[in-house]
Amino acid sequence: MNILEEIQNCPVEWKELGEVAEVGTGNNNTNEQVENGKYPFYVRSKNIKTINTYLFDEEAIVIPGEGDIGKIFHYVKGKYGLHQRAYRIHITVDNIKTKFIYYYMHANFKSFITKKAVSATVSSIRKPMIEKFPIPIPPREIQEKIVQILDKFTDYVTELTSELTSELTSRKKQYSFYRDKLLSFEDEVYQVEWKTIQDISVKIVTGVTPKKSCEDYYLKGTIPWLRTNEVKFNTITTTEKYVTERAVEETGLKWISPNSIIIAISGATAGRVAMNSIPLTTNQHCCSISVDERIVNYKYLYYWLVNQNRQILSLKQGARGDINMSMIKSLKIPVPSLEIQSRIIQVLDNFDTVCNDLNIGLPKEIELRQKQYEYFRDKLLTFVAEGEYTDSTVQYSTDKT
């Protein structure tokens, strides 16, 4: 009989976490952390600090009380310090293995807290909410087998993900190197002519934000309207907001044709670049460039601006850190022949796909490994006692009638 068959056939008791565990917070403050302290200090994030005194010497599970609500950060065994807004869960009965509950909470606690929340989002959780979490209690030997399997699988996935992440980082460095090399023209292999952005453009415009108080500008809108938070070195295929034809007619909104380059020019997003594959409009914090295709390929301009991000950021002015249109117009760009631009684009497109496309390559491999881990973890941690627990509703009853 394999482990999944054993799980399906083993007796399972359900209890609330508060019945079998102590749940409470620490009393350390963030300013008590020290560099290279004697003991681990668990706060409200995955990052582990250090401290020279300890509050607890035990086996426990640590979760945040604020911030990443529903996340299960740490399994601890030994002496440790604990922040006043982080919770410890210390199992107090012998027939429950702490690390089994740690894995079970990883798989199920976030959905439980979300369903128990009154509002759509939870900013903090309280002790009674944690204590109400229902946990399965199969025989101790089943718990130990599950923990042993998940420990090995976790180590495998962690190591593999680390290797893939390292490889992806290496690829990105390689990509940056070749991008910089291709766009520097230091070796003078290609003949280039330096031109300003204005020289290579047929239109450079900023957008408009229609009055929010006018519902007719937004209600049932079908025209894509781009904001700067959506500009993040990407291709725009859709927008989060839409406006109406009336908004375009009455507010001075300008249509931006596909294959334009959009630069965020205001505040924290200033300097970020995007391309658009759809016709759209933008707010006033976006500067849109329609290139003269006889001179420049729009993708070549995009890659050039991405490569020049530091220079663009150095132009920011004022308390908000804005960039104005005249700064963008005066930026100079080396312009080789369209044939050379096409070759450069082909190389950079290939690198960009390998590094960033989540549907193929290393990022997809990392995502698949994580999903594989979660699938087998959930298989191992699915317990159903008829009449007691329904996973889809996170409801249970301890009544034995």
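Residue numbers run consecutively from 1 along every chain, following the written order of its sequence. Where totals are concerned, whole chains, interfaces and linings use all residues; where local detail is concerned, this predicted model gives features only for residues with pLDDT of at least 70, and gives and counts side-chain atom pairs only at 80 or more. For the side-chain quantities, the full set of heavy atoms in the structure was used; hydrogens and water were omitted.

> Can you help me understand the environment of Val157 in this one?
Only DSSP runs of H or I with at least four residues qualify as helices, and only runs of E with at least two residues qualify as strands; both kinds are numbered from the N terminus onward. Considering the arrangement of structural elements, one finds Val157 in helix 5 (residues 140-184). Classification of Val157 as buried rests on a relative accessible area of 4%. Sequence separation of Val157 and Glu131 is 26 residues, and the distance between their C-alpha atoms is 31 Å. In this analysis, two residues are considered to be in contact whenever any of their non-hydrogen atoms come within 4.5 Å of each other. Those residues within four positions of Val157 in sequence are excluded, and the remaining contacts are Arg369, Gln370 and Tyr373. Classification of residues uses two cut-offs on accessible area relative to the type maximum, computed with a 1.4 Å probe and protein chains only: under 20% is buried, over 50% is exposed, and between them is partly exposed.

> Just checking my understanding: could you explain the sheet that holds strand 14 (residues 261-264) for this structure?
Remark on secondary structure: sheet strands pair via backbone hydrogen bonds, oriented parallel or antiparallel. Here a strand pair is declared whenever DSSP counts at least two bridges between the two strands. Read across the open sheet, the 5 strands follow the order 10-17-14-15-12; overall the sheet is mixed. At either end of the open sheet lies a strand with only one pairing partner, and these are strand 10 (201-206) and strand 12 (234-236). Taking each pair of neighbouring strands and ignoring which way they run, the sheet shows an average axis angle of 25 degrees. Strand direction decides the pairing type here: strand 14 and strand 15 (residues 273-276), joined by 3 bridges, are antiparallel. Paired with Ile262 across the bridge in strand 15 is Ala274. Sitting on the sheet, helix 7 (residues 298-307) touches strand 12, strand 14, strand 15 and strand 17 (286-291), and the angle it makes with strand 15 is about 165 degrees. Lines fitted to C-alpha atoms define the axes, with helix axes restricted to the stretch in contact, and inter-axis angles between N-to-C directions lie between 0 and 180 degrees.

> I tried to follow the pattern of salt bridges on my own but got confused; where do I start?
Side-chain pairs of opposite charge can arise whenever the charged atoms involved come near each other. Think of a salt bridge as a Lys or Arg side-chain nitrogen and an Asp or Glu carboxyl oxygen that are within 4 Å of each other. For the structure on display, the rule yields 23 salt bridges. Between Glu6 and Lys145 there is a salt bridge, with its nearest N and O atoms 3.0 Å apart. Note that Glu6 is positioned in helix 1 (residues 3-9) and Lys145 in helix 5, a separation of 139 residues in sequence. A salt bridge links Glu250 to Arg246; the shortest N-O distance between them is 3.0 Å. Pair noted here: Glu250 and Arg246 are both in helix 6 (residues 245-251), with a separation of 4 residues, about one helical turn. One network of salt bridges, with partners in common, ties together Glu22, Glu58 and Arg88.

> I'm lost on the sheet that holds strand 4 (residues 48-51) in this one. Help?
Within the open sheet, the 6 strands sit side by side as 2-7-5-6-3-4. Their pairing is mixed. Both edges of this open sheet fall to strand 2 (21-25) and strand 4, since each of them pairs with a single strand only. Adjacent strand axes in the sheet meet at a mean angle of 55 degrees when their direction is disregarded. Pairing of strand 2 with strand 7 (residues 86-91) involves 5 bridges; the strand directions are antiparallel. Across the sheet, residue Gly24 finds its bridge partner in strand 7, namely Arg88.

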